[in-house]
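Per-entry structural report
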Amino acid sequence: MLLPGRCGPAPRGGWCVLGAQSQDEEGQGARRGPDRQDLERAGQAGERAMQRWGGCVRGEGLLGGGGRGGLCGGWRHSLKPTVLRHACGEGRLRAGSLEVVSAPIVSVIGGGQLARMMQEEASALGIHLRALVEAADGSTGQVAPDALVGAADDEAAVRAVVAGDGIQGPDGEPAAVVTFEHEHQDASLLERLQAEGVSVQPAPQALELARDKLAMRRAMSQAGLPQPAWVEVGGPGQETVEQMADAVEAFAVEHGWPVVLKTPRGGYDGHGVLLVRSAESLHEGEAAEWLVSVARARAGQGDGRGTGGGGSLGGAAVTSLLVEQAIPFTRELAVLLARRPSGQIAVWPVAQTVQDDGMCAEVLAPAPGLDSVAVEEAELIGRTVAERTGVTGVLAVELFAVETFGEPTRLYVNELAMRPHNSGHWTQDGAVTSQFAQHLRAVLDLPLGATDTTAPTTVMVNLIGGQHEPGADALARAMAAQPEARIHLYGKQWRSGRKLGHVNMTVGQGQEVADVVEQARETVAILRGDA
């Protein structure tokens, strides 16, 4: 037990978290509530507890996940997250009832910035996040008190993080649900867990549409949703480089140059995507290398490096390619929504995204100047994808928009993401409910939060590692330059081209959107070390 009587002034009859019992003190003590001996022991342990948590916890909250939502610090080691309800007044424990309430446990596979930001919201909501991370000192490992180091395709590690076996936190308590921060998962493992009764959200069958672009294109066709013309190259009868090149050329004759080559699996942030402008490009340069790599993989002679620069998430052999019509879009949009297993859907305003070298660089929400008919169609597309495919949690549908004066806006589905998404980071500071809080609510099948905006426009600018590492004073300088900027850093080591954080700014009364965009860019430039 944490020390009683250190909560300080608190509303009489309110909630006060006294502490958490360790695993070896659980059981009888947790069921019967504190007696005089408990309180004496708590008082003796008071200073140690205060040192560990950095202070007393006030208000309503659950121990087990950080310093928000009434918590002054996170629990560590073998402590079981609990909240003890009692009458708390003027720092004294009154006699009365006491009950122990366990926090719902969400297991998330992946330890990047998305899981890190889920942890922030989990703390505020009294949800216990248990993460499978790639590195203990990685983005999520730095902030998640309950984390296991392991790979997404390591069955033993995945089972441990789901069951809670042999790791920090509530040992032996299974998670209420398992979810993800990236799509590159072991589908067969997830299907086995699902068959064993584990709640997997989104389900592996739906997640496949975000993992496999060919499967996604087939599903969009079946749903009758607008998308670019496409074809698979490298199937039966297309074994050689020449046969595949002929198939791409035939597609281009029908739909026009340029065309887009994509690796069906493994691509991210611009990797695995190649614009091909002419038939000559298929016989030289990068496009020719892609075709050679696919032909070798189909012949069982792959080098294990994959095709298209998918990196660590896309290194599997690529035995076919997706070829798409290049849409002459005027801008790119993103529809962000969340869906519960029981069916409730909540949609945020449609946002405009700006890509730089295939990576999301800026977001404006709501999308400025988008006509109401296009907004309704975009939202309908998002809802249709969610309902037809059974997606749960947050879903991002990336769209191409073609806007011609005097004509209706045409929308085309580009890609899907079944998790919190870069295009939704603006919701942290520009919406009633952030995408990270909503994802947790949704996968636990809890009522969804409001998605209304809290400002006329919110701007998000990504912080991408520049050509040189910024100085130690970059953060302080950025704070001083733009006090209104909401800076979100991911705790990553600097590397050129790497996502390191983002800046959100809201447009207030009398401000111009373009001016605020420029202020956000200037803040990011300081953080990058460019200013």
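An account of the accompanying structure is given in this report. Here the residue numbers are simple positions, counted from 1 along each chain's written sequence. Local features are withheld for residues below a pLDDT of 70 in this predicted model, meaning they are given only at 70 or higher, and side-chain atom pairs are given and counted only at 80 or more; totals for whole chains, interfaces and linings count all residues. No hydrogens and no water enter the side-chain calculation; it runs on all heavy atoms of the structure.

1. Side note on the overall build of the protein chain
Counting its secondary structure elements, the protein chain contains 15 helices and 21 strands. For the protein chain, buried positions account for 54% of its 531 residues. A contact between two residues is defined here by any heavy atoms of the two lying within 4.5 Å. Summarising the internal contacts of the protein chain: among those between residues at least 6 apart in sequence, 63% fall at separations of at least 24. Computed with the Shrake-Rupley method and a 1.4 Å probe, the accessible areas treat only the protein chains shown as cover for residues. Accessible surface computed for the protein chain: about 22,600 Å², of which carbon and sulfur atoms make up 48%. Segments assigned H or I by DSSP are reported as helices when at least four residues long, segments assigned E as strands when at least two residues long, and all are numbered from the N terminus. The buried label goes to any residue with under 20% of its type's maximum accessible area, the exposed label to any with over 50%, and the partly exposed label to all in between, with areas taken from a 1.4 Å probe on protein chains only.

2. Here's the deal with the environment of Arg192
Its location among the elements puts Arg192 in helix H6 (residues 187–195). Taking the C-alpha atoms as reference, Arg192 lies 9.9 Å from Pro204; in sequence the two are twelve residues apart. If we skip the residues at most four places from it in the chain, Arg192 touches Glu155 and Arg159. Within the structure, the side chain of Arg192 is placed 2.9 Å from the side chain of Glu155, a separation counted as a polar contact. Whenever a nitrogen or oxygen atom comes within 3.5 Å of another N or O atom, the pair is scored as a polar contact, on the condition that within protein one atom can donate a hydrogen and the other can accept it, and that pairs from neighbouring residues in sequence are kept only if both atoms are in side chains.

3. A look at the packing of helix H9 (residues 241–255) against helix H10 (residues 285–298)
Lines fitted to C-alpha atoms define the axes here, with helix axes fitted over just the stretch in contact, and angles between the N-to-C directions of these axes take values from 0 to 180 degrees. Where H9 contacts H10, the axes come no closer than 9 Å and their chain directions differ by 125°. Between H9 and H10, the crossing angle belongs to the class labelled oblique. As for the relative orientation of H9 and H10, their crossing is right-handed in sense. Facing H9, whose interface residues are Val241, Met244 and Ala245, H10 presents Leu291, Val292, Val294 and Ala295. Every angle not falling under 35 degrees, over 145, or within 65 to 115 is termed oblique; those three ranges are roughly parallel, roughly antiparallel and roughly perpendicular. Handedness of each helix crossing follows the sense of rotation of the near helix against the far helix: counterclockwise by less than a right angle gives left-handed, clockwise gives right-handed.

4. Let's talk about the sheet that holds strand E6 (residues 128–133)
Two pairing modes exist for strands in a sheet, parallel and antiparallel, and in both the strands are linked by backbone hydrogen bonds. Strand order in the open sheet made by the four strands is E7-E6-E5-E8, with parallel pairing throughout. For this open sheet the edge positions go to strand E7 (147–149) and strand E8 (177–180), each flanked by a neighbour on one side alone. Neighbouring strand axes in the sheet, compared pairwise and without regard to direction, differ in orientation by 20° on average. Strands were regarded as paired on the criterion that DSSP finds at least two bridges between them. As judged from the five bridges shared by strand E5 (residues 105–109) and E6, these two strands associate in the parallel manner. Within E6, the residue paired with Ser107 across the bridge is Arg130.

5. Re the pairing of strand E10 (residues 259–262)
Side chains of E10 alternate between two faces, with Val259 and Leu261 and Val260 and Lys262 buried alike. As defined by bridge partners, E10 adjoins strand E11 (residues 273–276) across four bridges and the pair is classed as antiparallel. When the sheet's bridge partners are listed, Leu261 is paired in E11 with Leu274. Summarising the sheet, E10 and strand E12 (residues 321–325) pair through four bridges and their orientation is antiparallel. What sits directly across from Val259, in E12, is Gln325.

6. A word on helix H11 (residues 372–389)
For H11, spanning 18 residues, the distance from its first C-alpha to its last is 26 Å, which sits close to the expected 26 Å at 1.5 Å a residue. Residues of H11 that are buried include every one of Ala374, Ala378, Ile381, Gly382, Thr384, Val385 and Ala386, and no others. Buried residues in H11 make contact with helix H8 (213–223), strand E13 (331–339), strand E14 (345–347), strand E17 (393–402) and strand E18 (410–417). At the N-terminal boundary of H11, the capping side chain belongs to Asp371, with an oxygen 3.2 Å from the backbone nitrogen of Val373. A positive phi of about 75° marks Gly390, the residue just after H11. To estimate how far a helix should reach, multiply one less than its number of residues by 1.5 Å.

7. With respect to the environment of Ala147
Looking at the secondary structure, you find Ala147 in strand E7. We classify Ala147 as partly exposed; its relative accessible area is 24%. Contact partners of Ala147, with chain neighbours within four places excluded, come to Ala131 and Val133.

8. Some thoughts on unusual backbone geometry
Glycine aside, negative phi is the norm for most residues, and most peptide bonds take the trans geometry. With omega at 0°, the peptide bond leading from Gln201 into Pro202 counts as cis. Among the secondary structure elements, Pro202 is positioned in the loop between H6 and helix H7 (204–211). In this structure, the amide linkage connecting Ala365 to the following residue, Pro366, adopts the cis form with an omega of -5°. Along the polypeptide, Pro366 turns up in the loop between strand E16 (359–365) and H11. The phi angle at Asp357 is positive, at roughly 55°, despite the residue not being glycine. Looking at the secondary structure, you find Asp357 in the loop between strand E15 (351–356) and E16.

9. Here's the deal with the pattern of salt bridges
A pairing counts as a salt bridge when a side-chain nitrogen of Lys or Arg comes within 4 Å of a carboxyl oxygen of Asp or Glu. All told, the structure shown has 18 salt bridges when counted by the stated rule. Between Arg159 and Glu155 there is a salt bridge, and its shortest N-O distance comes to 2.9 Å. Taken as a pair, Arg159 and Glu155 lie in helix H5 (residues 155–163) at a separation of four residues, close to a single helical turn. Residue classification places Arg159 among the partly exposed positions, given a relative accessible area of 27%. A single network of salt bridges, built from pairs that share partners, joins Glu155, Arg159, Arg192 and Glu196.

10. Digging into the sheet that holds strand E9 (residues 230–233)
With antiparallel pairing, four strands are arranged side by side in an open sheet as E9-E12-E10-E11. The open sheet has two free edges, formed respectively by E9 and E11, since each of these has just one partner strand. Sheet twist, expressed as the average angle between the axes of neighbouring strands with direction ignored, equals 25°. Contacting E9, E10 and E12, H8 crosses the sheet at an angle of about 145° to E9.

11. A closer look at a nonpolar patch on the surface
What goes into a patch is any residue over 30% in relative accessible area without a salt bridge, connected to like charges within 9 Å or, for nonpolar side chains (Val, Leu, Ile, Met, Phe, Trp, Tyr), within 5 Å. Among the surface-exposed residues, Leu475, Met479 and Leu489 lie close enough to one another that they form a single nonpolar patch of about 240 Å² accessible area. Structurally, the position occupied by Leu475 is in helix H14 (residues 474–481).

12. Details of H10
When the terminal C-alpha atoms of H10 are compared, their 20 Å separation across 14 residues agrees well with the 20 Å that a helix rising 1.5 Å per residue should span. Residues Ala287, Ala288, Trp290, Leu291, Ser293, Val294, Ala295 and Ala297 constitute the buried set of H10. Buried residues belonging to H10 abut H9, E10, E11 and E12. Note on H10: the residue one or two positions beyond its end, Gly300, has a positive phi of about 75°.

13. Points about the nonpolar core
In a soluble, globular protein the nonpolar side chains are often hidden away together inside. Ranked by internal contacts, the top residues of the largest apolar core, which has 47 residues, are Val397, Leu399, Leu416 and Met418. By nonpolar core we mean a set of buried residues, namely Ala, Val, Leu, Ile, Met, Phe, Trp, Tyr and Cys, connected to one another through side-chain atoms within 4.5 Å. If you look at the next biggest cluster of nonpolar residues, it comprises 21 residues, including Val233, Leu282, Leu291 and Ala295.

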